[in-house]
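Structure at a glance
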Amino acid sequence: MKKFNITGYCISRHKTLFCLTTLFNLIGVAIMVLVAYVIQEVVSFALNFDPKEFWKILLLAFGSIAGELVVNLVTASIETEFYKKARNDLYSCAYEKIFSKDLDIHSEYDNNYYVSVFMNDIKTLSNEYFMKLNDSIAYAFLFVLSTVYLFFISPWIALIIIVSAFIIVGIPLFTGNTLQKSKMDSSKMMEIFTKKITDSIAFFSLIKLYKVENYDSKENTKAISDMTEAEKKFTRKSKYVDALTTVIGSLSVISTFVLGAYLVYKGTVIVGDLVASIQISSYIINSIVGFMTGLMGVISCKPIIKKINELLIKTNRDKPEKIDAEKPLDIKVENLEFNYKDKEESLFSNLSFEIKTGSKTLVQGPSGKGKSTLFKLLLGYYTNYKGNITYQGKEVTQIDNSLYDSCLLVPQDSILFNDTLRHNIVMGCTVSEDKLNEVIKLTQLTELVEKQEHGLDEMILDNGANFSGGEKQRINLARALIRNPKVLFLDESFSALDIDTENAIRSELFKKDITILEISHRENINYHYDNKIVLG
């Protein structure tokens, strides 16, 4: 399986911006060290006043300050542009790869898992990973540059700082795995909370009608408590590491003061060198603390990166076959057996039937006997079945997305987007107004459209709250018919319609040269079906 790394992908996409961000960060670091040199020169000038050096010192001081201002402004501009593009790529790449998956691969994870990846994990990466990475690079350079400079001032002071650095660097070696585990635990708890709150919002009316607000509140409160507890544990461990690192850094600075004062007393270094060494020592300690904080942030993101990579790397199975649009689209099922992964009992046993092009088939049976599942199998949602499901003699598991150019499902539960009525019917399909009006008329939506203030441009509220169940079903049917399917799977698609409306739609729909497979619990259907499949 080809390796994929989402963070590496984002950096490679904008490597010029990333390199420029890094370069200007390093220039900014170099100017910081230059400021320490300026301070050294100013102190020396003050102690050994030489009028000839005044303008040189003044120019150096103001030049370094002006340079720092310009570099910081440029860095901020480039850095924010890189972060914006990297963040865009994180979301866009995840969206593209997730929505390019075939139905069978996509269904390996539930919807809430995908929502959690977008709302929690990618957000964490976009807010932490790239910033921490850039910080780590800048602080590492500051450490190297400052250490070299300090060696020129006093090798002994430099030695103290380096020993402190090794101690500080060693801390993450003992805490890295613990921090990664805590970060992953926090991510899992956020995922659970996301699932809970998503369900609560989606099923608000059910919760109110069944008066289970208290129960639902307890469930969500527990999820919130578990999430915040996991976040607390991770934050506390990070703070402990930061505290220990800071203490060691403070000890190093104090040691620098003491040793520097002693060396001045001995005449080994001058006061200007002492002031510069204190400033540089502060840079070194801060760079070590900053580097380790950044590095721990990058390391703690590793399990999240791994989780996202594993999700996105799952590719579609090779499907070499295509539906030939010019040929009849017969469907044949032979000796079909299927059971869900968590159940031993087969839902179907040696189920066989054949559907001829243009025929009309009624599928009936008691609830729970697999009618909707059969449709999903016929459409390639599941691949772990025994037997054969073929279109034009080609196994459904071997047919690519050309299957959905010809075969469409109108699901049992109506799906409406928070967009216009037009968008919900057309949904990216290029059609003429005549074709659109023809479908609206067939699905008995003409009166509905005419009574809307904005007609087809009327906004549909969350999940169609401003439309009835029957109206939503007709909109879903129109969405399928606008695409001219050759095979139409109707899963209880008329269940919310009154008999007169249903009959009006059927009378026109059944005249069309479309293969129709329909699930219905109604016993008094007056229309002629060529086939009848009874499950259970």
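Presented here is a report on the structure given in the accompanying data block. (Residues numbered from 1 in each chain as written. Predicted model: local features only at pLDDT ≥ 70, side-chain atom pairs only at ≥ 80, totals over all residues. Heavy atoms only, no water.)

Once that is clear, we can look at the sheet that holds strand 6 (residues 407–410). Strands belonging to one sheet form pairs held by backbone hydrogen bonds; the direction of such a pair is parallel or antiparallel. One open sheet accounts for 5 strands, arranged 6-7-8-3-9; its pairing is parallel. The sheet is open, and its two edges are formed by strand 6 and strand 9 (531–534), each paired on a single side. Each adjacent strand pair in this sheet contributes to an overall mean axis angle of 15°, direction not counted. Bridge count for strand 3 (residues 360–364) against strand 9 is 4 bridges, and the pairing is parallel. Looking across to strand 9, one finds that Val-363 is bridged to Ile-533. (Pairing = 2+ DSSP bridges. Helix = DSSP H or I, 4+ residues; strand = E, 2+ residues; numbered from the N terminus. Axes fitted to C-alpha atoms, helices over the stretch in contact; angles between N-to-C directions.)

Close contact between helix 5 (residues 111–153) and helix 9 (residues 271–300) brings their axes to 7 Å; oriented N to C, the two are set at 150°. Compared by their axis directions, helix 5 and helix 9 come out roughly antiparallel. Of the two elements, helix 5 crosses helix 9, and the hand of that crossing is left-handed. (Parallel < 35°, antiparallel > 145°, perpendicular 65-115°, else oblique. Left-handed = near helix turned anticlockwise from the far one by under 90°.)

This part takes up the pattern of salt bridges. Enumeration over the complete set of coordinates arrives at 21 salt bridges. Here Asp-185 makes a salt bridge to Lys-181, at a shortest N to O gap of 3.2 Å. Of this pair, Asp-185 and Lys-181 are both found in helix 6 (residues 155–202), 4 residues apart, which corresponds to roughly one turn of the helix. Its relative accessible area of 55% is what places Lys-181 among the exposed residues. (Salt bridge = Lys/Arg side-chain N within 4 Å of Asp/Glu carboxyl O. Buried < 20%, exposed > 50% of the residue type's maximum accessible area, 1.4 Å probe, protein only.)

Turning to helix 1 (residues 6–13), its buried residues are Ile-6, Thr-7, Cys-10 and Ile-11. For helix 1, the buried positions fall inside an angular range of 135° around the axis, keeping them on one side. (Arc of directions from axis to C-beta.)

Turning our attention to the packing of aromatic side chains. Taken as a whole and judged by the stated rule, the model has 8 aromatic pairs. Ring geometry for Phe-82 and Tyr-83: centres 5.9 Å apart, planes at 55°, overall tilted. Ring-pair connections join several aromatic residues into one group, and the members of that group are Phe-18, Phe-82, Tyr-83, Tyr-129 and Phe-130. (Phe/Tyr/Trp six-rings, centres within 6.5 Å; stacked < 30°, edge-to-face > 60°.)

Applying the stated rule across the entire model yields 0 disulfides. The closest cysteine sulfur to the non-disulfide-bonded Cys-19 is located on Cys-10, 15 Å from its own sulfur. Cys-19 gets classed as partly exposed once you look at its relative accessible area, which sits at 47%. Here Cys-407 is not disulfide-linked; the sulfur of Cys-429 is the nearest cysteine sulfur, at 16 Å. (Disulfide = S-S within 2.5 Å.)

Here the focus is the nonpolar core. One finds Ile-425, Leu-477, Leu-481, Leu-488, Leu-490 and Leu-509 to be the most contacted residues of the largest nonpolar core, which totals 33 residues. When contributions to this core are tallied by element, the ones reaching two or more residues are strand 6, helix 13 (421–426), helix 14 (433–442), helix 15 (446–451), helix 16 (469–481), strand 7 (487–491) and helix 17 (499–509). The dominant element in this core, judged by the number of residues it contributes, is helix 16, at 5 residues. The contacts of Leu-481, once residues within four sequence positions are left out, are Lys-435, Val-439, Leu-442, Thr-443, Leu-488, Leu-509 and Ile-514. (Core = buried A, V, L, I, M, F, W, Y, C linked by side-chain atoms within 4.5 Å. Contact = heavy atoms within 4.5 Å.)

A separate point is the sheet that holds strand 5 (residues 394–395). The strand order across the open sheet built from 4 strands is 2-1-4-5, with neighbouring strands paired in antiparallel fashion. Because the sheet does not close on itself, it has two edges, and the strands there are strand 2 (348–355) and strand 5. By the bridge criterion, 5 bridges tie strand 1 (residues 331–338) to strand 4 (residues 386–391) in an arrangement that is antiparallel. Considered in strand 4, the bridge of Ile-331 is made with Tyr-391. Helix-sheet contacts for helix 11 (residues 371–378) involve strand 1, strand 2 and strand 4, and the interaxial angle to strand 1 is about 120°.

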